[in-house]
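Chain by chain, the residues run as shown.
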Amino acid sequence: GEQVEQRPPHLSVREGDSAVITCTYTDPNSYYFFWYKQEPGASLQLLMKVFSSTEINEGQGFTVLLNKKDKRLSLNLTAAHPGDSAAYFCAVSAHYGNEKITFGAGTKLTIKP
Amino acid sequence: GGIITQTPKFLIGQEGQKLTLKCQQNFNHDTMYWYRQDSGKGLRLIYYSITENDLQKGDLSEGYDASREKKSSFSLTVTSAQKNEMAVFLCASSTGTGDYAEQFFGPGTRLTVL
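A. Quick look at the side chain of B:Arg36. Residues and elements named next belong to chain B. With respect to the element layout, Arg 36 can be found in strand 4 (residues 31–37). At a separation of 3.0 Å, a polar atom in the side chain of Arg 36 contacts the main-chain carbonyl oxygen of Asn 84. Leave out the neighbours within four places in its chain, and Arg 36 touches Gly 42, Leu 43, Arg 44, Ile 46, Leu 60, Tyr 64, Asn 84, Glu 85, Ala 87, Val 88 and Phe 89.

What follows is the structure in structure tokens.
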């Protein structure tokens, strides 16, 4: 089945700096890719999504890039602010029978003043 | 829009006890999920259901039962609570197909086993 590896598990950056979180996946049929944000004590909220056909999505200060050749998905934060401190999870789903989504293990992002 | 509610928010049980967690959604979504999230860790799929009365095992189904009584509700039973399964249990739902395959999550039930 699908395997998703997310790196790094912890990331600390200064306010205003950039940050990158990366996921690699194994199933070449993967088609739908999601990033979720989980603030402390809260549940997961969808942050952004990208499909195999689009490969890039931007919004809320984030850019999601998909490299299908390398089976790599990245979440790029251009200028961190304190409200970005949270855990971030990538999730991957195949094009067919895509009820099941495989999640990465998560990255705890801390923004230092 | 819609909402997912999970009850109870906090669940405390004794080791060996049978415990039930409940989830309701009003999105009219077909697919519902139960995940377990251990402290500081990712999500592991316990069970999911693609329609009423359907049940599919996830990677962590041993020690759990689930029931999809109707389209809007999905319950999870811990058959014999163990101290090493203290975690937050998250319920989610999705349309399950196509461009709207993203999952929407409930607030979670935090399980403590004494």
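Now that the structure has been shown, the text picks up again.
B. Focus on the interface of chain A and chain B. Each partner contributes residues to the interface: chain A has 17 residues there, and chain B has 22 residues. Interface area, chain A with chain B, both sides summed: about 1,600 Å², of which 55% is carbon and sulfur. Counting across the chain A and chain B interface gives one salt bridge. Among the ionic pairs, B:Glu102 bridges to A:Lys49, the shortest N-O distance being 3.2 Å. The tally of links from chain A across to chain B stands at five residue pairs in polar contact (both at pLDDT 80 or more).

C. Up close: the packing of aromatic side chains. Under the counting rule described, the total for this entry stands at 14 aromatic pairs over all chains. Taking 5.8 Å as the distance between ring centres and 40° as the angle between the ring planes, the aromatic pair formed by B:Tyr35 and B:Phe105 counts as tilted. With B:Tyr35 in strand 4 and B:Phe105 in strand 10 (residues 104–105), the pair connects residues that are 70 residues apart, well separated along the chain. Side by side, B:Tyr35 and B:Phe105 carry an identical accessibility label, which is buried. Taken together, A:Phe34, A:Tyr36, A:Phe103, B:Tyr33, B:Tyr35, B:Tyr48 and B:Phe105 form an aromatic cluster joined through their ring pairs.

D. Summary view of the sheet that holds strand 7 (residues 64–70) of chain B. Residue and element names in this part refer to chain B. Across the sheet, which stays open at both edges, the four strands sit in the order 1-3-8-7 with antiparallel pairing between neighbours. The strands lining the two open edges of the sheet, one partner per strand, are strand 1 (4–7) and strand 7. Recorded for the sheet is a direction-independent mean angle of 15° between the axes of neighbouring strands. Looking at chain direction, strand 7 and strand 8 (residues 73–78) are connected through five bridges and run antiparallel. Residue Ser 67 lies in a different strand from strand 8, and its bridge partner there is Ser 75.

What counts and how
- Residues numbered from 1 in each chain as written.
- Chains lettered and ligands numbered in written order.
- Predicted model: local features only at pLDDT ≥ 70, side-chain atom pairs only at ≥ 80, totals over all residues.
- Heavy atoms only, no water.
- Helix = DSSP H or I, 4+ residues; strand = E, 2+ residues; numbered from the N terminus.
- Polar contact = N/O pair within 3.5 Å; in protein donor to acceptor, adjacent residues only side chain to side chain.
- Contact = heavy atoms within 4.5 Å.
- Buried area = accessible area lost by both parts, 1.4 Å probe.
- Salt bridge = Lys/Arg side-chain N within 4 Å of Asp/Glu carboxyl O.
- Phe/Tyr/Trp six-rings, centres within 6.5 Å; stacked < 30°, edge-to-face > 60°.
- Buried < 20%, exposed > 50% of the residue type's maximum accessible area, 1.4 Å probe, protein only.
- Pairing = 2+ DSSP bridges.
- Axes fitted to C-alpha atoms, helices over the stretch in contact; angles between N-to-C directions.

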